Amino acid sequence: MKKTEMFQQLLASKDTFILPGAFDAMTARIIEETGFKAIYATGAGISNAQLGWADVGLTTLTEIAQVVSWMSEVTTVPIVVDADTGFGNAINMQRTVKVLEKAGAAALQIEDQVMPKKCGHFNGKEVISKDEMVGKIKAALDARTDDQLAIIARTDALGVLGFDEAIERANAYKEAGAHAIFVEAPTTYEQLSRITKEVSGIPHIINLVEGGKTPLVSRQEAQNLGFQIMLCANSALRGAIKGATDAMQILMRDESQENIHDVICTWEQRQELFKLKEIQQLEKQYS
């Protein structure tokens, strides 16, 4: 089964699923091997990990596509790609769809911020007009080679123009043909409940950012609220940051690796994750 079909089946399921974020091929592989059913190629995580900068729209389409292709090569589950604004207008959006589809995306998330965008939980965002975003959604749908490729429409209007405008936009994006809706950065349980009720008949994403604007809920709570996808975009990234920082601080403090073992994986775990045995078997096969 194609990955696009696998993702469409997840959207059609009655069970809410957790969508963890990966920022490189290593974290994509960890997410799949942990047992999750899909992977989110996080734009913020890629900007943080690959460029070393905050999520303020600095990454390019080709940089995102390269990371997604690496992820796709080492995993078998669907990858949802954070495509930001589509990197421009409706025409840019069409190229974005074609490039990321070739890179291995099973779904694309696009948003109605101006370019360059900012993290959805940052202040100071701006949004394009509703009509322009509707045009970009339609352009994205038309550009697909695989008609199973899902288009997820995100609106950042709540923090800029208010809740009612966000709901109006979400319904317009649903009518434009989006396969799922993502209202970014609701701040209360009441807003979470109203989103799924007032934009009905379509899967919804809840984006849970540790320390962000949206209340953290469990998978079951997200399901009770009517959300199909529980996005945890940067939990892996922040775990990696803490682990690397702790290891380096111990090394600096002790000038020795004697006390570092509790904060790093074992040699065996590392080689198992990166398939050393499989590579060695191939070397024997072709020697």
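Residues numbered from 1 in each chain as written. Predicted model: local features only at pLDDT ≥ 70, side-chain atom pairs only at ≥ 80, totals over all residues. Heavy atoms only, no water.

## Quick word on the pairing of strand β6 (residues 180-183)
Okay, step 1: The side-chain alternation of β6 yields two buried faces, one formed by A180 and F182 and the other by I181 and V183.
Okay, step 2: With four bridges connecting them, strand β5 (residues 150-155) and β6 associate as parallel partners. Pairing of T155 across the sheet is with V183, part of β6. (Buried < 20%, exposed > 50% of the residue type's maximum accessible area, 1.4 Å probe, protein only. Helix = DSSP H or I, 4+ residues; strand = E, 2+ residues; numbered from the N terminus. Pairing = 2+ DSSP bridges.)

## Comments concerning the nonpolar core
Okay, step 1: Ranked by size, the top nonpolar core spans 49 residues in total, and within it V81, L100, L108, I110, I137, Y173 and I181 carry the most contacts.
Okay, step 2: Apart from the residues lying within four places of it in its own chain, the contact partners of I181 are A153, A170, Y173, K174, V199, I202, P203, H204 and I205.
Okay, step 3: F7, L10, A107 and L231 belong to the second-largest nonpolar core, a separate cluster that totals 18 residues. (Core = buried A, V, L, I, M, F, W, Y, C linked by side-chain atoms within 4.5 Å. Contact = heavy atoms within 4.5 Å.)

## Regarding the side chain of D156
Okay, step 1: Within the secondary structure, D156 sits in the loop between β5 and α7 (158-161).
Okay, step 2: Residue classification places D156 among the buried positions, given a relative accessible area of 0%.
Okay, step 3: Side chain to side chain, D156 and Q113 meet in a polar contact 3.2 Å long.
Okay, step 4: Here the side chain of D156 touches K125 through a polar contact of 3.0 Å, side chain to side chain.
Okay, step 5: Residues contacting D156, with those up to four places away along its chain left out, are E111, D112, Q113, G120, K125, V127 and E184. (Polar contact = N/O pair within 3.5 Å; in protein donor to acceptor, adjacent residues only side chain to side chain.)

## Description of the domain arrangement of the protein
Okay, step 1: By the assigned domains, the protein splits into domain 1 (3-234) and domain 2 (241-286).
Okay, step 2: Look at where the C-alpha atoms of domain 1 and domain 2 centre, and you get two points 32 Å apart. (Domains from an automatic or database assignment.)

## As for the pattern of salt bridges
Okay, step 1: The tally for this structure, following the rule as stated, stands at 16 salt bridges.
Okay, step 2: Of the charged contacts in the structure, one is a salt bridge between K2 and D146, with a shortest N-O distance of 3.3 Å. Of the two residues, K2 is situated in the segment before α1 (3-12) and D146 in the loop between α6 (130-143) and β5; the sequence distance between them amounts to 144 residues.
Okay, step 3: Residue K2 is classed as partly exposed on the basis of its relative accessible area, which comes to 43%.
Okay, step 4: The shortest N-O distance in the salt bridge between D254 and R253 comes to 2.7 Å.
Okay, step 5: Judged by relative accessible area, D254 falls into the partly exposed class, the value being 25%.
Okay, step 6: Here R253 falls in the exposed class, since its relative accessible area comes to 58%.
Okay, step 7: One network of salt bridges, in which partners are shared, links D84, E111, K117, K125, R154, D156 and E184. (Salt bridge = Lys/Arg side-chain N within 4 Å of Asp/Glu carboxyl O.)

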